[in-house]
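Tertiary structure, described
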Amino acid sequence: MDNETHFSIVFNIYGGSNQILPNATSATQNYYGDEAELEKDDVSKDKEPALSPEATRLFSYINKVEDLRIYLVQIAECTNAVELARVIVKMGEREPKITSEEMVKERFISLFFPLTPLFVSGKTVSNIRARINNAWWLLCHSGTVDARCFGVFGPDVPADDALDALMADGSVTRIVFGTDVNFTRRHTFTRGHVTLDFTGHTVTAQGVEHAKHNDPFGALFHFTGVPGDDVRTFPLAQPMRELYDVFEVPGAGGIPLYSWWQVSVNSLAGREEKEIDKLLCVTERIDESHVRVNYKMGWPLDAGRVMTWRRVEPIERVCVQDMEFRGNEGGEETGAQPLAFEYAVRCDVRDVRARHTYWPVLLRRHNTEYVTERCSLANPIEVVVGGTGYLTQQIHCLYGKVRDCTTSNARHLNDFTGSAYCMVENCHGDGDFHGAYVTHGQFEHDLTYVGNSGLLSFANSGPTWGSSAKRITVVRHTGFWGIGFAKVSDLTLQDVAVCRTGAYDGVNTEGYGPCGTFLLNADGLQMRGCTAEKLVLTQRSRRAKRPAIVEGCWFRDGIEVVRTGEAAVAPGTPLILRDNLTGPGGPQQAEGTE
């Protein structure tokens, strides 16, 4: 035995259950603590420094001591939460026990406090958690990321940091919220090509930062394009024709095809009395001073009117869907609403159901080619202050469709301001005394309403906006008022029933007369198959080329044609009343043709 080789085997054991198998001729077991002893023969050998008790706590997550020593060096070199978060996320990629859920928990984050001596500030659980959330997006994904990967498992942890981190990553195209969530900040985003899917869960804004005064765009999520520095202001050398899509603009030959521009004209007497203010796309260069755009001009303009073209990089292809939103009680500062879109192309909203909001649930300005569907609003906290309590307001918008939406006790279900070529279909409002379907009168045109219910009020916001609209069509509609006595030209109503309801008896109707009445401008009006308590015809504009025709209708109290005063139907206005009934069904005396 003396000539045999003797083996010395050393086991370095750092925790757990320890067993030494008796197959070796010699073995040494080293433990940390007062009772551990070094083998005499090894005292002089170079050894790794002992791990501190604080470092050994990470053995719950890391199996190999060699890996832990590498991590500890990286951790100790971190000077701030951003650097530490990157190390932690890298650890999570290699260590199965460091899951996306575990790495943002306080019990895990607090392990790093004694291991980061170079930190100068920001060594808090909340700050490090936020930085981990921001770093986690570096992980590979297929474009769809669940916010739970960022530690958002309910409303107790605000989802703001997770959303910001995901929106900062252009490769994330779908953000999924698999739990109820709470937001405490009002976010502005300038990137598109993304879907926010709340999967039917509730979104709240408890403790949200205070809103600025009179800022309806201070939504939780404000998606916006970016106006550029290329601005061209010039007087029209030639008149602009109605329904033309060729526009005059200096330097047209150098304007890029498919570029987007905010195109507007100087105001008339009213501060916002402008015939055009739209987001338009250049589709053809005609010559050095003309381009074709994706819009047929709704109103003529005289030579000399001052046009302004501003280049815009719009936000494109955003979809927000399947959200239950609950706003806050209180007023403007703490009030909350989910969505605003500005300079937006093909940005859709689906299945957003809101309660107790302040400003519009969905506010759009300079939007085009969009859909809003299956959305609702119940009991907003304010409806008297102008601009509050809407389901959706659309300012200077084109080619939008609002369908299958509802409201209860809101100010407006749908508002169009300066918009054109849009449609509202199968929408219904109750408690709609303030008007379910309205336009401001800022030269709206070519709007269509089909199969809806609720109060109608067109171009009724006053002279500041111009009090003008044209070519509005309403088909198969019910409500308790139909108001369009401002400068509304070429209004078409077909199968519209306006019925009196006792719910508003004794309510101040501000001179509009009892409910159940049509109050309409005779300029190009055409009504067929409609019913109401009464029809009152006035005239405040003379733009229409077609005659005013009322036929095949029933009005219990008949038709009143106003012949005196500032709103009198002008002599010579083509007015044809025929085949109408009154009272219990007797013939209505027709006024004939003028």
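Residues numbered from 1 in each chain as written. Predicted model: local features only at pLDDT ≥ 70, side-chain atom pairs only at ≥ 80, totals over all residues. Heavy atoms only, no water.

Check the secondary structure of the chain and you find six helices and 45 strands. In the chain, the share of contacts with a sequence separation of at least 24, taken over all contacts with a separation of at least 6, comes to 61%. Surface summary for the chain: the accessible area is close to 26,300 Å², and the carbon and sulfur share equals 50%. (Helix = DSSP H or I, 4+ residues; strand = E, 2+ residues; numbered from the N terminus. Contact = heavy atoms within 4.5 Å. Areas by Shrake-Rupley, 256 points an atom, 1.4 Å probe, with all protein chains shown as cover.)

In protein chemistry, a disulfide is the covalent bond that joins the sulfur atoms of two cysteines. One pass over the structure, following the stated rule, counts zero disulfides. Cysteine Cys515 shares no disulfide, and the gap to the nearest cysteine sulfur, in Cys499, comes to 9.5 Å. According to the relative accessible area criterion, Cys515 is buried, its value standing at 6%. Residue Cys530 stays outside any disulfide, its sulfur separated by 4.6 Å from that of Cys553, the closest cysteine. (Disulfide = S-S within 2.5 Å. Buried < 20%, exposed > 50% of the residue type's maximum accessible area, 1.4 Å probe, protein only.)

The subject of this paragraph is the pairing of strand β13 (residues 277-287). Examined bridge by bridge, strand β12 (residues 260-265) and β13 share five bridges and lie antiparallel to one another. Bridging from a neighbouring strand, Trp260 pairs with Cys281 of β13. In the sheet, β13 pairs with strand β14 (residues 290-293) via four bridges, with the strands oriented antiparallel. In the strand pairing of β14, Asp287 is matched with His290. (Pairing = 2+ DSSP bridges.)

Turning next to the sheet that holds β14. Ordered by their spatial adjacency, six strands build an open sheet running β10-β15-β12-β13-β14-β11, and the pairing between neighbours is antiparallel. Edge positions in the open sheet fall to β10 (226-235) and β11 (246-248), since each of these has one partner strand only. Averaged over all neighbouring strand pairs, the angle between strand axes comes to 40 degrees, with direction disregarded. (Axes fitted to C-alpha atoms, helices over the stretch in contact; angles between N-to-C directions.)

Turning our eyes to something else, we now look at the environment of Cys375. Tracing the backbone through its elements, the reader meets Cys375 in the loop between β20 (362-373) and β21 (376-378). Residues Cys375 and Val352, 23 residues apart in the sequence, show an inter-C-alpha distance of 4.8 Å. With near-sequence residues (within four places) excluded, Cys375 lies in contact with Val349, Arg350, Asp351, Val352, Leu391, Asp404, Cys405 and Thr406.

Turning our eyes to something else, we now look at the environment of Asp557. Its location among the elements puts Asp557 in the loop between β40 (554-555) and β41 (559-561). In this structure Asp557 comes out as partly exposed when scored by relative accessible area, which is 44%. With 23 residues separating them along the chain, Asp557 and Lys534 place their C-alpha atoms 5.1 Å apart. Setting aside chain neighbours within four positions, we find Asp557 in contact with Glu533, Lys534 and Thr582.

Bringing the side chain of Thr116 into the picture now. Looking at the secondary structure, you find Thr116 in the loop between α4 (106-109) and α5 (125-136). Every residue in contact with Thr116, bar those within four places of it in the chain, is listed here: Ile75, Leu84 and Lys123.

Let us now look at the pattern of salt bridges. Side-chain pairs of opposite charge can arise whenever the charged atoms involved come near each other. Inspection of every chain in the model, using the stated rule, returns 38 salt bridges. A salt bridge links Arg353 to Glu324; the shortest N-O distance between them is 2.6 Å. Taken together, the residues Arg353 in strand β19 (residues 348-355) and Glu324 in strand β17 (residues 318-326) connect sequence positions 29 residues apart. Overall, Arg353 belongs to the partly exposed group, its relative accessible area being 22%. On the basis of relative accessibility, which here comes to 18%, the residue Glu324 falls in the buried class. Across the pair Arg403 and Glu373 runs a salt bridge whose closest N-O atoms are separated by 2.8 Å. (Salt bridge = Lys/Arg side-chain N within 4 Å of Asp/Glu carboxyl O.)

Along the chain, the position of Glu273 falls in the loop between β12 and β13. No salt bridge is formed by the buried Glu273, whose closest oppositely charged neighbour, Lys487, lies at an N-O distance of 4.7 Å. In terms of polar contacts, Glu273 uses its side chain to reach the backbone amide nitrogen of Ala269, at 3.3 Å. Within the structure, the side chain of Glu273 is placed 2.7 Å from the backbone nitrogen of Gly270, a separation counted as a polar contact. For Glu273, the residues in contact, after removing those within four places along its chain, are Asn266, Ser267, Leu268, Phe443, Pro463, Thr464, Trp465 and Gly466. (Lys, Arg positive; Asp, Glu negative; His and termini not counted. Polar contact = N/O pair within 3.5 Å; in protein donor to acceptor, adjacent residues only side chain to side chain.)

With that settled, the discussion passes to the nonpolar core. Within the largest apolar cluster, 120 residues are counted, with the highest numbers of intra-cluster contacts made by Phe223, Phe518 and Met527. For this core, the element with the highest residue contribution is helix α3 (residues 81-94), accounting for seven residues. Those residues in contact with Phe223, other than ones at most four positions away along the chain, are Met167, Phe189, Arg191, Leu196, Ile315, Val318, Val320, Leu339, Ala340, Phe341 and Glu342. Leu280, Val293, Leu301 and Ala420 belong to the second-largest nonpolar core, a separate cluster that totals 22 residues. (Core = buried A, V, L, I, M, F, W, Y, C linked by side-chain atoms within 4.5 Å.)

The next thing to look at is α5. If you check α5, its first and last C-alpha atoms are 16 Å apart, about what twelve residues at 1.5 Å a residue would give, namely 16 Å. The elements touched by buried residues of α5 are α3, α4 and α6 (160-167). (Expected span 1.5 Å × (residues − 1).)

Another aspect to go through is α6. Of all the eight residues making up α6, six are buried; the element is thus mostly covered by neighbouring parts of the structure. Taken residue by residue, α6 has Asp160, Ala162, Leu163, Ala165, Leu166 and Met167 as its buried positions.

Here we take up unusual backbone geometry. Even without being a glycine, Asp404 presents a positive backbone phi close to 60 degrees. Inspection of the secondary structure puts Asp404 in the loop between β23 (398-403) and β24 (406-408). Residue Asp404 is classed as partly exposed on the basis of its relative accessible area of 34%. Even without glycine at this site, Phe443 takes up a positive phi of about 60 degrees. On the secondary structure map, Phe443 appears in strand β29 (residues 442-450). By relative accessible area, which is 4% here, Phe443 ends up buried.

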